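# Survey of secondary and tertiary structure
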Amino acid sequence: MKSSFLSIKKLIAATAALAVIWACEKSLERDGTELDTLVPTKVDADAGTWKPYILQTATEVALTAPEDVSSANYQKELQEVKTAMGNISDDQRLAIRYWAGGGILRWNQIMRSLVAKRNLPPAENATGEYPIPNSANPNADPIFPFANPPYASRSYAYVSVAQYDALIAAMAYKQQYKRKAPYQVDASITPVIVSKSTLPSYPSEDAVMAAVSYEFLKRLFPSTEDTLFLYKKKEEQKWFKLWAGASTRSDIEAGEKLGKAIVTKILARYSSDGMRNAIGVKAQWDSLSKRVEEKGEVAWKSLEDAPRPPMLPFFGNVKPWNMTNPELQQLSIQYPPLSYNSAEFKKQVAEVKEYVTTKATRENIAIVHFWADGAGTYTPPGHWNAIAEKYIVAEKQSEFRAARNLALLNTAMMDAAISCWYTKTYYYFPRPSQADPSIKTLTGVPNFPAYSSGHSTFSAAAATVLGYLFPTDASKFNDMASEASMSRLMGGIHYRMDCEYGLKYGKLVGDKAVARGQQDGVK
Amino acid sequence: MKFRLLLVSSILAFSSSLFAQNMTDGIFMAKNNFCGGIGYTHDTWNKYWEGTLFRENKNLGNVNTQTITAMGNYGISDRFNVLFMLPYVKTEATKGTLKGMSGVQDLTLALKYRLAQIKNLSVIGSVGGSLPTNNYVADFLPLSIGMQSKTVFARGILYYTLPHELALTAQGAYIHRSNVRVDREMYFSDQAYFTNEMMMPDVVNLGAKFGHYSYRWQLEATYEQNIVNGDIDIRRNDMPGLCAKMDLTRIGLVAAYRIPQLKDLQIMGTIGQVVAGRNVGKSTTFSISILQYIDLRKNKGGGGIPTGPICRPGDTNHAGNMSTDEHKSGH
């Protein structure tokens, strides 16, 4: 009797313990997108005088003057704002809270998410070939795009440039027309969640950002699922300040119109920058190997089964931002790699082997994986955007300044991609596992030539720009770049020369962006 | 694509490792008796389910996982046992460039208690958990050696003895898994996350086995079902992630014999085959192990013969074959 009573007690205890476990809802401490409501340290009211990238002048695209705040139409709009504020829904409140964190950083997060989502190499088909994702048929397998590092760098750069140019234009018209915000016109309006900006409200900078970001991103990520997601985000950002009592309909509609018109200017460059020829065809790929072999060197080969064509081998011919193509080409081949047949090179191969065997410590593997940013992630340029985000947040930078700084960073990294891919295709140098098949790697071997290291080039370019923007941490950025660079040697996918010269090339590219930053009128 | 790694210990699968057996079956060690052993498991697959798509990957070839497991089971009383298990795991892929990994994995501890004996039916409850023994790399599937998750589990076991030394076992466990911190600060599972923390879904593990069980011989057919919560699949041509829904159905056989000439040293072999799955390899597993009983009682009964395993109260001193009569004598 006693023993069965005990059993029941234990059964109850076990059940209770289980109930406690089940009650623990699974969650993450944070998902990394959390942003406080942005109250900028500096409003950057002079942003209309900053130098745009593609627009000739801030007001190249015309925007008609708004109606006066005393007009009957504006009064109707004020009433609409009050009604919207009175009927605010929980979803709208969530959207206000989300976008109040800062539109530039939000779109940057969205873009990094989409890159990670679409950064998957196409699978081999039944005939041993790798179908190329097709932007005209984006939903088919493989879904368009394959957002690999060059593709990602270009995406980040164009969206950042479009946002920056559009925000300069928006500020120029804000200062020209000086229309007050609803809460400045009507003291009975107190904005929900968002801060009371002292800036004029016509056109709405949020609507401008929403329009340019959406119009660009839907071209970069055209699958139905991605476009619908982007559309939802665009609509939220477009309207949230009306729901919050900080913008009227005409502020927003003017912003959207301006944004769309500016996108057409930037699209003209985008559609003719050479990207369409970056993949090439088999005859071209073969000629790359032949050229290197004729010099008595060993050409890169895909280590995949079936062999995969090199990733965007002609991306090196895409139009750069902060220099001309001839300048970039000259810059990108000034440090040749060691000869494949040299004794020094053999030593470098041996060093790689050492890193994946005796030196494959837990600490080193952590570094390899921290910086790997491979398939299924936001890529190295995305990683550096995430690093920049922390600094932009800490300084509470205005939307205008955040856009400018991300444009500097992302044009530098796209130039780094172009430069590095030019180098890679020019020297067409084998990966360590091709030179010594006994080298087993601690991260995936990228399917393109080794020399020079993309991570090193991206990272040095990014660290150079960030060091200019946030000088107190300049040496920290350089240390991070060196670690990112070394991580590729530790992972067994690059030789020391790839890393060291990659850093050198990246610094040269970063310097060009800094030179632009020094004369773009931003104080 | 990972798969059986999680079955080795994190999930305590029914048949993937012999050693897990004592954690999931109806057999107890008699009071003050200890059973310890060591075993070798070999698991291999060359095709896997990417989500629900069954595919090969020529850049992995065969993914082989070899495991050496130490295991022990001690009888605090005839109805209350404590068990542990600790595997050393080594992985490799026969094609492609990725480096295999090796190391000591997770320590599993469990308490097993016979709650009730209703005629020939044992009703058993077990609770336990597992802890990674070191900071091994988890986020390198399918070549990492484990999941780096801490787990706690509660398991119910029904053990029914039939005439002719046949027995039927059915068990079910709920396994709660802690979130895992990885080396990188972003990943994509069902969406992009900008953190190094990964949410690990809980697991339900169900199993059944039927066959002959006697002191000398064991021959049983096993069935096992693993269900991971959530619906995160490996994306098209992506690498597998830790949080994926790694479901599987596995069938297998267990055979064991105690060698009289070697002081009843038990030699045991298993084979297992995954027959259906999602985000796992279609793996074939075999294992071989040796187990020895040690009688730690101060006053050894039965002329020093170990009492060994017991199926139910009253099964003490049954060294040699357990007779049907002895079974019936249980209360």
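Calculation criteria
- Residues numbered from 1 in each chain as written.
- Chains lettered and ligands numbered in written order.
- Predicted model: local features only at pLDDT ≥ 70, side-chain atom pairs only at ≥ 80, totals over all residues.
- Helix = DSSP H or I, 4+ residues; strand = E, 2+ residues; numbered from the N terminus.
- Buried ≥ 20, exposed ≤ 12 C-beta atoms within 10 Å, placed from the backbone.
- Domains from an automatic or database assignment.
- Contact = placed C-beta atoms within 7 Å.
- Nonpolar A, V, L, I, M, F, W, Y, C, P; charged D, E, K, R; others polar.
- pLDDT = per-residue confidence, 0-100.
- Core = buried A, V, L, I, M, F, W, Y, C linked by C-beta atoms within 7 Å.
- Expected span 1.5 Å × (residues − 1).
- Axes fitted to C-alpha atoms, helices over the stretch in contact; angles between N-to-C directions.
- Parallel < 35°, antiparallel > 145°, perpendicular 65-115°, else oblique.
- Left-handed = near helix turned anticlockwise from the far one by under 90°.

### Observations regarding the overall build of chain B
When helices and strands are counted, chain B shows three helices and 21 strands. In chain B, which comprises 331 residues, the proportion classed as buried is 52%.

### Observations regarding the domain arrangement of chain A
Residue and element names in this part refer to chain A. What the domain assignment reports for chain A is domain 1 (47–270) and domain 2 (279–517). Look at where the C-alpha atoms of domain 1 and domain 2 centre, and you get two points 31 Å apart. Contacts between the two partners involve 33 residues from domain 1 and, on the opposite side, 34 residues from domain 2. Within the residue set of the side of domain 1 that touches domain 2, elements represented by two or more residues are α4 (103–118) and α5 (149–177). If one sorts the elements of the side of domain 1 that touches domain 2 by residue count, α5 sits on top with 13 residues. Considered class by class, the residues forming the side of domain 1 that touches domain 2 number 20 nonpolar, nine polar and four charged.

### Considering the interface of chain A and chain B
Each partner contributes to the interface: chain A provides 44 residues, whereas chain B provides 37 residues. Broken down by element, the residue count for the side of chain A that touches chain B peaks at eight residues, all from helix α1 (residues 2–23) of chain A. Class assignment of the residues belonging to the side of chain A that touches chain B gives a composition of 22 nonpolar, 10 polar and 12 charged.

### Looking at the confidence of the model for chain B
Residues and elements named next belong to chain B. Residue-level pLDDT values for chain B average 87, and 85% of them are 70 or greater. With pLDDT under 50 throughout, residues 316–331 is counted as low confidence; its partners more than four residues away or in other chains account for 37 contacts. Reported confidence for the predicted complex is 0.93 by ipTM and 0.93 by pTM.

### Let's talk about the nonpolar core
In terms of nonpolar packing, the biggest core is built from 179 residues, with Leu167 and Met413 of chain A touching the most fellow members. Structurally, this core is a two-domain feature, drawing no fewer than three residues from each of domain 1 (47–270) and domain 2 (279–517) of chain A. When neighbours within four sequence positions are excluded, Met413 of chain A is seen to be in contact with Ser153, Tyr156, Ala157, Pro381, Trp384, Phe458, Ala461 and Ala462 of chain A. In this structure, Ile27, Ala30, Val254 and Ala256 of chain B belong to the second largest nonpolar core, which totals 11 residues.

### Looking at helix α18 (residues 474–490) of chain A
All names here are of chain A. Between its first and last C-alpha, α18 extends 24 Å over 17 residues, near the 24 Å set by a 1.5 Å rise per residue. Burial in α18 covers these residues: Phe477, Ala481, Ala484, Ser485, Met486, Ser487, Arg488, Leu489 and Met490. Buried-residue contacts for α18 involve α12 (343–356), α13 (362–372), α17 (454–469) and α19 (496–517). One or two positions beyond α18, positive phi appears at Gly492, with a value near 85 degrees.

### Remarks on the environment of Tyr293 of chain B
Mapped onto the secondary structure, Tyr293 of chain B falls in strand β20 (residues 284–295). Spatially, the C-alpha atom of Tyr293 of chain B lies 4.3 Å from that of Cys35 of chain B, the residues being 258 residues apart in sequence.

### Looking at the packing of α4 of chain A against α5 of chain A
Residues and elements named next belong to chain A. Look at α4 against α5: their axes get within 11 Å of each other, and the N-to-C directions meet at 160 degrees. In terms of their interaxial angle, α4 and α5 are classed as roughly antiparallel. Crossing of α4 over α5 shows right-handed handedness. Only Ala152, Ser155, Tyr156, Val159 and Gln163 of α5 make contact with α4, whose side of the interface consists of Ile104, Trp107, Met111 and Val115. Split by residue class, the contact of α4 with α5 holds seven nonpolar, two polar and no charged.

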